[in-house]
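These are the residues of each chain, in order.
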Amino acid sequence: MPVVSLAKIAASPAVTAGDFTVRVPCIYGKRLVFNRVSLRRSFVSHRVRSELQSPRVLGSVTDLSLDNSVENGHLPKGDSWAVHKFGGTCVGNSERIKDVADVVVSDGSSRKLVVVSAMAKVTDMMYDLIHRAQSRDDSYLSALDAVLEKHRATALELLDGDELASFSARLHNDINNLKAMLRAIYIAGHATESFSDFVVGHGELWSAQMLAAVVRKSGLDCTWMDARDVLVVVPNSSSQVDPDFAESEKRLEKWFSQNSAAKIIIATGFIASTPENIPTTLKRDGSDFSAAIMGALFRSHQLTIWTDVDGVYSADPRKVSDAVILKTLSYQEAWEMSYFGANVLHPRTIIPVMKYDIPIVIRNIFNLSAPGTMICRQIEDEDGYKLDAPVKGFATIDNLALVNVEGTGMAGVPGTASAIFSAVKEVGANVIMISQASSEHSVCFAVPEKEVKAVSEALNSRFRQALAGGRLSQIEIIPNCSILAAVGQKMASTPGVSATFFNALAKANINIRAIAQGCSEFNITVVVKREDCIRALRAVHSRFYLSRTTLAVGIVGPGLIGGTLLDQIRDQAAVLKEEFKIDLRVIGITGSSKMLLSESGIDLSRWRELMKEEGESANIEKFTQYVKGNHFIPNSVIVDCTADADIASSYYDWLLRGIHVVTPNKKANSGPLDQYLKIRDLQRKSYTHYFYEATVGAGLPIISTLRGLLETGDKILRIEGIFSGTLSYLFNNFVGNRSFSDVVAEAKQAGFTEPDPRDDLSGTDVARKVTILARESGLKLDLDSLPVQSLVPKPLQACASAEEFMQKLPQFDEELSKQRQEAEAAGEVLRYVGVVDAVAKKGTVELKRYKKDHPFAQLSGADNIIAFTTKRYKEQPLIVRGPGAGAQVTAGGIFSDILRLAFYLGAPS
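On a predicted model such as this, the values are computed, not experimentally measured, just so you know. Here the residue index of a chain counts from 1 through its sequence in written order. Totals for whole chains, interfaces and linings use every residue, but because this is a predicted model, local features are given only for residues with pLDDT of at least 70 and side-chain atom pairs only at 80 or more, for both listing and counting. Water and hydrogen atoms play no part in the side-chain values, which are based on all heavy atoms of the structure.

Enquirer: I'd love a proper account of the sheet that holds strand β23 (residues 549–556), names of residues and values included.
Expert: Strands qualify as paired when DSSP identifies two bridges or more between them. Numbered from the N terminus, helices here are DSSP runs of H or I no shorter than four residues, and strands are runs of E no shorter than two. Spatially, the seven strands line up as an open sheet ordered β26-β25-β24-β23-β27-β28-β29, and their pairing is mixed. Of all strands in the sheet, those with a lone pairing partner are β26 (616–617) and β29 (690–691), marking the two edges. Pairing of β23 with strand β27 (residues 635–640) involves six bridges; the strand directions are parallel. Residue pairing for β27: A552 is matched across the bridge by S636. Residue contacts follow a heavy-atom distance rule, with two residues in contact if any of their heavy atoms lie within 4.5 Å. Only the stretch in contact is used when fitting a helix axis, every axis being a line fitted to C-alpha atoms; angles between N-to-C directions are given from 0 to 180 degrees. Relative to strand β25 (residues 594–597), helix α19 (residues 607–614) is tilted by about 110 degrees, and along the sheet it contacts β24 (582–590), β25 and β26.

This is how it looks when you write it as structure tokens:
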């Protein structure tokens, strides 16, 4: 049978016929050897497949069979060693490798071990080579050339002379061996795990060799370590590996005996060997794990993991803009956050260093001034008190489904949970979280959404008889879920943490589907809808870190009141952020014809211009969805600055969707009684807030005063007041010989009245306020049943326009002048008032006379005044007085309600 060289096979496009022998590459220790294997008729024989699947180990190039003699003494362990680990991003190109070398050289530790990953994207390129080869895609050759060129070009930029020649020779030799290996994989159409691990580990070999050479250029003694000569790991059943520390320590002693002069060692991350000397890897994120194992083997004083972020954040900064860098984390906190998807470390990284109390520091190679985050044993003060915040951070896991197995037949039946999770294990699904009611009536657990179909089928098959017999009522799948976890070692000893956590979620209107908390209380885990996850994360982070309480604000009605409010928010925004941690983001403004939307927030310094230039057709439903749909802001509020009944009819739907409502619009609270009761009932049952202080007193605290009285147990007997700033102005100036029509004309000219003064003079506005206060006091009054004395003469009620009304009004001055004269003769004044008689359970709106020493007679301008007669304030009524009209004070009252909402939602007060 003829012998064919591997080079000839690599050069030929395909093997089509004949019997011959090929020298197939096989792993021999840490290098490539070739075995003679027979091939027949264009397919690889059984023997080839056996060789590829189970490469024979014939020995080791470095003779790793350990004897009892160790040259040059033992490895010095302890605080003299500092361990650094640099990821692929840190060594991504020649400039970055130089920066890494500078960090290594500048470290003042007497001995240094540096663990490096492959250059950025190289590991993916190596896996791609294997995929192409086993798919019999000839492009693996050009892809291998790209790997060669990437490292060759980097070496040319970094090295020269003998260092460049030495590295280039090794690189080309490795590439030739890989080409032979990949050709064998191409022929077999299959790569074993051992072959794959051998191929992908080359990236670390090359980056370690280049970095060691660059450090030597600075004049320091530096050598590189192939970690496969030292680290021994044992594969386990969960596609992971476990370090064999005893064997690794022996091999490290042997390695160091041959390299004892080295003060700086550059070691490969990610790769290791099995006890049989077969190359393997520590799987994904294995470089961090390698560094931790090395730190434990050397008993180093610190392990520094260099990355491209300033440290560990309190939450994902892409989701929470106010996330902060944590100065310290305990080992337990770090692995909890890692498990729940935080970009910290792989949980296994922490275990080796934790045994020896070796701190891990996460630092940014691109920002050396940042101190980073230290992960260490929890620090306590002299009294044993655990320092720092009870909750350190928050993390999320997306794309999950919740599986709920429910039935009365589960209670007290041994083995039910075992049967459930055995079925889940059989389909290879990963259970992320488990929650079980103490009644044993149900068990629910979260699994990745891509695995839930298989889980559902397995459970329905396993429990077919139980479902048919009624012992189980259902196996329910709840898709589109996410997990939110709060992590903190001090939670166990701090009362109220859970209450604060759930209160923050409730105030953000987040519904929780499942809860899990271990008795150690290192974390509290909840399952929420995927669409609510970011809002939930921001809400709890804001509550614990007192970061900015951010509100997505939608303004309906940018007229006189709404426009003034927008200007007030603009002027106060910076102070609110800096001093009160409140970030008001106006993301939507809508009028009757145009609306302006912006996800990041509208520039309020030019909102009027933007409305004209970029405004789109108004659509209240789209506007509502936009305000609610901003997942990056946990809380949303719509501020209705109109007097529109149709807009007011939307309040219930907004509150139902979890949107808070602030308004000066009186139509909802004075409209149909059933609508008012429905809104208030919904408000009381939820954590959605509805504030309407400005509906009665503009900027005066009328509603809040009334509520304060009722909530503290007082009983309302009577509420009487001048509720209209316009009518207050009219009767304060209706004195002497002035006619009523002249005063109305003056007020209209000054902007104190509505465009049509009949809207003020009819008394309807006052009647609405009286209705609102009556309802707030517990009376079920309807606006239509309220007796109202209109100041609009009956003949003028049908005037076609305001102008016509004003022209004809002087014809009716005589009647009001007569009433004023009679009042003055009796030492009294006329005042237009509203009254809530809580005892008689009725309300009235009328023109009344008061003595000149009465508080109502001593008003000026457009002031309002309200007197509360209660069980406590029976002899001397409680009086609230101040400006009750005008755009500035009304907008101020609305603004105050918005800020009150922010304080309810967690802003510091």
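Enquirer: Outline a nonpolar patch on the surface, supporting the account with residue identities and numerical values.
Expert: A contiguous nonpolar patch, built from V575, F580 and F903 and spanning about 210 Å² of accessible area, is present on the exposed surface. Its location among the elements puts V575 in helix α18 (residues 560–580). Relative accessibility thresholds used throughout: buried, under 20% of the residue-type maximum; exposed, over 50%; partly exposed, between the two (1.4 Å probe, protein chains only). The exposure class assigned to V575 is partly exposed, which follows from its relative accessible area of 31%. For patch detection, residues must exceed 30% relative accessible area and be free of salt bridges, and they are connected within 9 Å for like charges or within 5 Å for nonpolar side chains (Val, Leu, Ile, Met, Phe, Trp, Tyr). Method for areas: the Shrake-Rupley scheme with a 1.4 Å probe, in which residue coverage is limited to the protein chains shown. Salt bridges are identified by distance alone: a Lys or Arg side-chain nitrogen within 4 Å of an Asp or Glu carboxyl oxygen.

Enquirer: Describe the state of the cysteines, and please don't skip the residues or the numbers.
Expert: We call a pair of cysteine sulfur atoms a disulfide whenever their separation is within 2.5 Å. Under the definition given, this model contains zero disulfides. Take C444: it sits in no disulfide, and the sulfur closest to it among the cysteines is that of C481, at 9.7 Å.

Enquirer: How would you summarise the nonpolar core if you had to cite specific residues and measurements?
Expert: Side-chain atoms within 4.5 Å are what join buried Ala, Val, Leu, Ile, Met, Phe, Trp, Tyr and Cys residues into a set we call a nonpolar core. Counting residues in hydrophobic clusters, the biggest one holds 66 residues, and the most contacted among them are I719, L730, F731, F740, L761 and L773. For the domains described, the bounds stem from an automatic or database domain assignment. Each of domain 3 (549–697 + 897–905) and domain 4 (702–884) gives at least three residues to this core. In this structure, L761 is in contact with L727, L730, F740, V744, S790, L791, V792 and F805, ignoring residues within four places of it in sequence. Core analysis: the next-biggest nonpolar cluster, separate from the first, contains 55 residues, V104, A143, L144 and F167 among them.

Enquirer: Can you lay out the sheet that holds strand β10 (residues 264–268) for me, pointing to particular residues and giving the numbers?
Expert: The pairing of strands in a sheet comes from backbone hydrogen bonds and takes either a parallel or an antiparallel form. Taking strand neighbours across the sheet as the criterion, the eight strands line up as β7-β10-β6-β5-β13-β15-β16-β14 in an open arrangement whose pairing is mixed. The open sheet is flanked by β7 (222–225) and β14 (328–330), the only strands paired with a single partner. Across the sheet, the mean angle from the axis of one strand to that of its neighbour is 20 degrees, orientation sign disregarded. Here β14 runs beside strand β16 (residues 373–376); their pairing, made up of three bridges, is parallel. Bridge pairing links L329 to I375 in β16. Across the sheet, helix α9 (residues 245–258) lies against β5 (81–86), β6 (111–116), β7 and β10, angled at about 145 degrees from β7, the strand it touches most.

Enquirer: Describe helix α24 (residues 673–685), naming the residues involved and giving the relevant values.
Expert: Taking 1.5 Å of rise per residue, the 13 residues of α24 would be expected to cover 18 Å, and the 18 Å separating its terminal C-alpha atoms lies within 8% of that figure. For α24, the full list of buried residues reads L673, Y676, I679, R680, L682 and Q683. If you follow the buried residues of α24, they end up packed against α22 (651–656), α23 (667–670), β29, α26 (702–711) and α30 (764–776). One less than the number of residues in a helix, times 1.5 Å, gives the span that helix is expected to have.

Enquirer: An account of the packing of aromatic side chains is requested, with residue identities and associated values reported.
Expert: Only centres within 6.5 Å qualify two rings of Phe, Tyr or Trp (six-membered ring in Trp) as a pair; their planes then separate them into stacked at under 30 degrees, edge-to-face at over 60, and tilted for everything else. Within this structure, the stated rule accounts for 16 aromatic pairs. Here the aromatic rings of Y140 and Y186 are separated by 5.7 Å at their centres, their planes lie at 40 degrees, and the arrangement is tilted. Taken together, the residues Y140 in helix α5 (residues 140–158) and Y186 in helix α6 (residues 161–188) connect sequence positions 46 residues apart. Assigned by exposure class, Y140 and Y186 land together as buried. A centroid spacing of 5.7 Å and a plane angle of 35 degrees characterise the contact between Y651 and W654, whose relative ring orientation is tilted. Linking Y651 with W654, this pair stays in helix α22, spanning three residues, or about one helical turn.

So yeah, pure geometry; function would need other evidence.
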